[in-house]
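This is what each chain is made of:
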There are 2 protein chains.
Amino acid sequence: MKQSQKLSRRERDKLRQRQEIFAAALELFAEKGYHNVSVNEIAERAEFAVGTLYKFFDNKESLYKSLMRERADRVHQALSKALEEGDDEIEKLRNYVRTKGSSFKEDAPVVRLYLAETRGVNFNFEDDLHNDIRKQYEKVQQKLAVVFKHGIQKKLFNKIAEPYLLAVTLNSIITGFLFLWLEQPEENMYPENPNTILDILFKGLLADSPNA
Amino acid sequence: MKQSQKLSRRERDKLRQRQEIFAAALELFAEKGYHNVSVNEIAERAEFAVGTLYKFFDNKESLYKSLMRERADRVHQALSKALEEGDDEIEKLRNYVRTKGSSFKEDAPVVRLYLAETRGVNFNFEDDLHNDIRKQYEKVQQKLAVVFKHGIQKKLFNKIAEPYLLAVTLNSIITGFLFLWLEQPEENMYPENPNTILDILFKGLLADSPNA
DNA sequence: ATAATATATGAACCCAGCTTCACCGTCAAT
DNA sequence: ATTGACGGTGAAGCTGGGTTCATATATTAT
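This structure is a prediction, so every number in the text was calculated from the model and none was measured. (Residues numbered from 1 in each chain as written. Chains lettered and ligands numbered in written order. Predicted model: local features only at pLDDT ≥ 70, side-chain atom pairs only at ≥ 80, totals over all residues. Heavy atoms only, no water.)

## Regarding the nonpolar core
Logical step 1: Counting 73 residues, the largest nonpolar core has Phe148 and Leu170 of chain A together with Phe148 and Leu170 of chain B as the members making the most contacts within it.
Logical step 2: Sort the elements by how many residues they give to this core and helix α8 (residues 163-183) of chain B lands first, with 12 residues.
Logical step 3: Core analysis: the next-biggest nonpolar cluster, separate from the first, contains 24 residues, Leu26, Phe56, Phe57 and Leu67 of chain A among them. (Core = buried A, V, L, I, M, F, W, Y, C linked by side-chain atoms within 4.5 Å. Buried < 20%, exposed > 50% of the residue type's maximum accessible area, 1.4 Å probe, protein only. Helix = DSSP H or I, 4+ residues; strand = E, 2+ residues; numbered from the N terminus.)

Here it is, written out as structure tokens:
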């Protein structure tokens, strides 16, 4: 084999083509969702004939799966690494937050797909429904933000972040816990006592002995 | 009209049937996702003929939309109300957390659909891909939990919750912020500085003057 | 140059599944 | 009993789109 150095010209070409197909498919999937993208569309965007795609993948589903697996690998790898670097735990957490942010921002299309899988996405219906629900949801979130705002004004709460961001935070935590419960209702129940969740917000994680 | 008291027998029947169709559809959608449920299936589950469904709804999409709108309304209404009740802000937040939990637990199928819309869903492919990704994700989350555990052991962190729950929390917050960014990259950027996010965990929200 | 082989093409095929509609069965009114 | 109206039925039609494969083109070997 002429693999002495690496790959034959043919093989490299094939690999590059594969990547091109992935890129095209990713754009489309991220934009419109798996079911709203046709194989013909992907082929067109990738500048191949449909038949060619089937030289690379058994079928649409397998194309999608390969794509997702490859990308998810990368992200998870980066996250694991981030947690291994840094001297103390605080530094590790900083790394993690930064990495998760940047590795996602780097290519937004993957974000959408990634979140679609781990936390979901709008499989869009030209979206009037979706927008309506979002709007309702947003209204509730605004009200929640007001509660935080008042709490801060009354000096009941410390202003550790903008009220709206606190609202986003609380909703995120609740959603996270609900997911836990959804996946394994027995093991992780959604806490009966709201304080279990609220304490995470209320109490500071950082031991203040070093600070105070 | 004999609406003197309410609805005619006919009308009540129709309404009940409509609800039955909704119930059947909801089960299936929640279980398998919109695209993997056929109208025939819904009809079968609801014990009607397909044709009958089309007496109630223009088409599949409209059935889905009506269903979603109705349910989402309920949830949002309940949440808004929760925020209005309670004397102080702490009480309001408790109400909110409790309501979001219980109104969702009440019927798990809606949860899945609701989260599908606000935060996404697994449109499942008999799920080997999904499971793999979840497993990877879970591994990272475990590593993150270890960081919290060590931090607590070193007394760097207060044990405000179990390490694993802290990991879930941090991931949830990050995801929440990423969503914000995804929706409107200009207005809400994902914080450059990881401390913006971490401070929410690190610093206590509750002003401790009243306690200490 | 020519043959042999590998690769790309896209029109045609085929089917899942949404939708329609001609036909029942039921019940109330006559 | 007969009629009419109305709700329910499900086989058949139709279509979007995933998949195939006979053909065309490019590449390599002789």
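From this point on, the discussion continues.
## Here we look at the packing of aromatic side chains
Residues and elements named next belong to chain A.
Logical step 1: All told, the structure shown has 14 aromatic pairs over all chains when counted by the stated rule.
Logical step 2: Each ring, one from Phe148 and one from Phe157, has its centre 6.1 Å from the other, and the planes form 50°; the classification is tilted. Taken individually, Phe148 and Phe157 each receive the classification buried, so the pair is uniform in this respect.
Logical step 3: Through a chain of ring-to-ring contacts, three or more aromatic side chains come together here, namely Phe22, Phe56 and Phe57.
Logical step 4: Across from the ring centre of Phe56, 5.2 Å away, lies the NZ or CZ of Lys14, which sits over that ring. (Phe/Tyr/Trp six-rings, centres within 6.5 Å; stacked < 30°, edge-to-face > 60°. Lys NZ or Arg CZ within 6 Å of the ring centre and 35° of its normal.)

## A closer look at the pattern of salt bridges
Logical step 1: Enumeration according to the criterion identifies 28 salt bridges over all chains in this entry.
Logical step 2: Here Lys159 of chain B and Glu162 of chain B are joined by a salt bridge, their closest N and O atoms 3.6 Å apart.
Logical step 3: For Lys159 of chain B, a relative accessible area of 52% gives the class exposed.
Logical step 4: Counted as one network, the salt bridges with shared partners bring together Asp13, Arg16 and Glu20 of chain A. (Salt bridge = Lys/Arg side-chain N within 4 Å of Asp/Glu carboxyl O.)

## Observations regarding the protein's contact with DNA strand C
Logical step 1: Close to DNA strand C lie 15 residues, the nearest being Gly51 and Thr52 of chain A together with Val39, Tyr54 and Lys60 of chain B.
Logical step 2: The protein-proximal atoms of DNA strand C, defined as those within 4 Å of the protein, are 66% sugar or phosphate.
Logical step 3: At a separation of 2.5 Å, a phosphate oxygen of DNA strand C approaches a polar backbone atom of Val39 of chain B.
Logical step 4: Between DNA strand C and Lys60 of chain B there is a distance of 2.9 Å, counted from a phosphate oxygen to a backbone nitrogen or oxygen.
Logical step 5: Contributing elements (two or more residues each) for the surface near DNA strand C: α1 (9-32) and α3 (50-56) of chain A together with α3 (50-56) of chain B.
Logical step 6: Taken together, the residues that form the surface near DNA strand C break down as 7 nonpolar, 5 polar and 3 charged. (Near = heavy atom within 4 Å. Polar contact = N/O pair within 3.5 Å; in protein donor to acceptor, adjacent residues only side chain to side chain. Nonpolar A, V, L, I, M, F, W, Y, C, P; charged D, E, K, R; others polar.)

## Quick look at helix α8 (residues 163-183) of chain A
Logical step 1: Relative to the 30 Å expected for 21 residues at 1.5 Å per residue, α8 of chain A spans 30 Å between its end C-alpha atoms, a close match to the ideal helical length.
Logical step 2: Judged by how many residues are buried, α8 of chain A sits mostly within the fold: 18 of 21 residues are covered. (Expected span 1.5 Å × (residues − 1).)

## Some details on the side chain of Ser172 of chain A
Logical step 1: Position of Ser172 of chain A relative to the elements: it lies in helix α8.
Logical step 2: On the accessibility criterion, Ser172 of chain A (4% relative accessible area) is buried.
Logical step 3: Other than its neighbours up to four places away in sequence, Ser172 of chain A contacts Ser172, Ile173 and Gly176 of chain B. (Contact = heavy atoms within 4.5 Å.)

## As for the packing of helix α7 (residues 128-153) of chain A against helix α4 (residues 60-84) of chain B
Logical step 1: For the pair α7 of chain A and α4 of chain B, the least separation of the axes is 10 Å and the interaxial angle reads 5°. Here α4 of chain B runs roughly parallel to α7 of chain A, going by the angle between their axes. Seen from α7 of chain A, the contacting residues are Asp128, Leu129, Asp132, Ile133, Gln136, Tyr137, Val140, Lys143, Leu144 and Val147 of chain A; seen from α4 of chain B, they are Tyr64, Lys65, Met68, Arg69, Ala72, Asp73, His76, Leu79, Ser80, Leu83 and Glu84 of chain B.
Logical step 2: When its residues are assigned to classes, the contact of α7 of chain A with α4 of chain B shows 11 nonpolar, 3 polar and 7 charged. (Axes fitted to C-alpha atoms, helices over the stretch in contact; angles between N-to-C directions. Parallel < 35°, antiparallel > 145°, perpendicular 65-115°, else oblique.)

## Let's talk about the interface of chain B and chain A
Logical step 1: The interface is formed by 96 residues belonging to chain B together with 97 residues belonging to chain A.
Logical step 2: Buried surface at the junction of chain B and chain A, both sides included, amounts to about 10300 Å², of which 69% is carbon and sulfur.
Logical step 3: Inspection of the region where chain B meets chain A yields 6 salt bridges.
Logical step 4: With a shortest N-O distance of 2.3 Å, Asp132 of chain A and Arg69 of chain B are connected by a salt bridge.
Logical step 5: There are 16 residue pairs in polar contact (both at pLDDT 80 or more) connecting chain B and chain A. (Buried area = accessible area lost by both parts, 1.4 Å probe.)

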